[in-house]
Amino acid sequence: MPFDFDAVIHKQYDIVPLDRDFIPSKQVAKPHILWVGCSDSLTLETFTLDVLQDEIFVHRNLGNILSNGDLSSESAVAWAVDLLKVEHIVVCGHYGCGLTKSNDPKALYGWSKDIARLHKMNEEFLGEVKDKSDERSHEHRLEEIYTLAEAGWLRRQPNVKEAIRERGLQIHAFVYDRETNSAVRLVEIDEKRET
Ligand SMILES: [Zn+2]
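Analysis parameters
- Residues numbered from 1 in each chain as written.
- Predicted model: local features only at pLDDT ≥ 70, side-chain atom pairs only at ≥ 80, totals over all residues.
- Heavy atoms only, no water.
- UniProt positions renumbered as here; feature names shortened; annotations may be inferred.
- Helix = DSSP H or I, 4+ residues; strand = E, 2+ residues; numbered from the N terminus.
- Contact = heavy atoms within 4.5 Å.
- Areas by Shrake-Rupley, 256 points an atom, 1.4 Å probe, with all protein chains shown as cover.
- Phe/Tyr/Trp six-rings, centres within 6.5 Å; stacked < 30°, edge-to-face > 60°.
- Buried < 20%, exposed > 50% of the residue type's maximum accessible area, 1.4 Å probe, protein only.
- Lys NZ or Arg CZ within 6 Å of the ring centre and 35° of its normal.
- Expected span 1.5 Å × (residues − 1).
- Donors = N, O, S within 2.8 Å, 3.2 Å for Na, K, Ca; no water.
- Tetrahedral: all angles 85-135°; square planar, octahedral: opposite > 155°, others 65-115°.
- Pairing = 2+ DSSP bridges.

Under the annotation held in an unreviewed UniProt entry, the protein chain carries the name Carbonic anhydrase and is attributed to Lachnellula hyalina. The protein chain has a UniProt comment under Function (unreviewed entry) that states "Reversible hydration of carbon dioxide." UniProt's Sequence similarities (unreviewed entry) comment on the protein chain is quoted here verbatim: "Belongs to the beta-class carbonic anhydrase family."

See below:
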């Protein structure tokens, strides 16, 4: 099932600096966090969250995509949610991600087909970048929408949905910024009202 960009593109969200103890360390050698990141993000998960290496189960691929129906991503989520029973899933995109910027899915044999759709929708909703100075904020917005869509997709998966309902599993959308070596949290306005 593809991303539901329609649902995300109209959503309002806040960009909140990430507190390094946002997910408190338990100081135990048992993973309670699934981290989904991009292969090229150069993000240090343990530094970003200030937890022990043993506390994080990491899945990385090109563009931190879970929704492509590939066995590797599906297995990682199933393992973390159903067997490890993690309490948090972090989907962490990063500003300047080559895959999100790219608009040529053919070169990647369909891996980034959702991103091609995102570019098309983005042009319709945000307009094309006319001014070079707008390029950075435009790219940031793309990455944010993309990461939120990924988190939204994850929340709709049956086993994730059940874990949210039955044991309070939390899904978080982060974007890492290499320039500041820090991450931000994307908090949907509705989500904030509920907490
Ligand atoms: Zn990337």
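Right, picking up where we left off after that structure.
Turning our attention to the overall build of the protein chain. Broken down by element type, the protein chain carries eight helices and six strands. Listing every helix and strand of the protein chain by position from the N terminus yields α-β-β-α-β-α-β-α-α-α-α-β-β-α. For the protein chain, restricting intrachain contacts to residue pairs at least 6 apart in sequence, the fraction spanning at least 24 positions comes to 73%. Accessible surface, the protein chain: about 10,300 Å² in total, of which carbon and sulfur atoms supply 53%.

A word on the packing of aromatic side chains. For the structure shown, the criterion picks out two aromatic pairs. A ring pair is formed by Trp 35 and Phe 174, whose centres lie 6.1 Å apart and whose planes are at 80°; its orientation type is edge-to-face. On the criterion of sequence distance, the pair formed by Trp 35 in strand 2 (residues 33–38) and Phe 174 in strand 5 (residues 170–177) is long-range, its members being 139 residues apart. Here Phe 174 falls in the buried class, since its relative accessible area comes to 0%. The cationic tip of Arg 20 hangs over the ring face of Phe 47; the distance from NZ or CZ to the ring centre is 4.2 Å.

The terminal C-alpha atoms of helix 6 (residues 135–155) lie 30 Å apart, and with 21 residues this matches the ideal 30 Å at 1.5 Å per residue to within 8%. Summarising burial for helix 6: 15 of the 21 residues are buried, a large majority.

Quick look at the coordination of the zinc ion now. Protein-derived ligands of the zinc ion are Cys 38 (SG), Asp 40 (OD), His 94 (NE2) and Cys 97 (SG), with the metal-ligand distances lying across 2.1 to 2.3 Å. One can describe the donor arrangement at the zinc ion as irregular, given that its four donor atoms subtend angles of 76 to 156° at the metal. Between consecutive donor residues of the zinc ion, the sequence gaps follow C-x1-D-x53-H-x2-C. In this pair, Asp 40 is assigned in the loop between strand 2 and helix 2 (45–49) and Cys 97 in the loop between strand 4 (88–94) and helix 4 (98–101), connecting sequence segments 57 residues apart.

Once that is clear, we can look at the pairing of strand 2. The side chains of a regular strand alternate between the sheet's two faces. When you tally the buried positions in strand 2, you get six out of six residues, the bulk of the element. Here strand 2 shows two buried faces, one formed by Ile 33, Trp 35 and Gly 37 and the other by Leu 34, Val 36 and Cys 38. By the bridge criterion, six bridges tie strand 2 to strand 3 (residues 56–61) in an arrangement that is parallel. Looking at strand 3, one finds that Ile 33 is bridged to Ile 56. Bridge count for strand 2 against strand 4 is five bridges, and the pairing is parallel. Residue pairing in the sheet places Leu 34 in a bridge with Ile 89 of strand 4.

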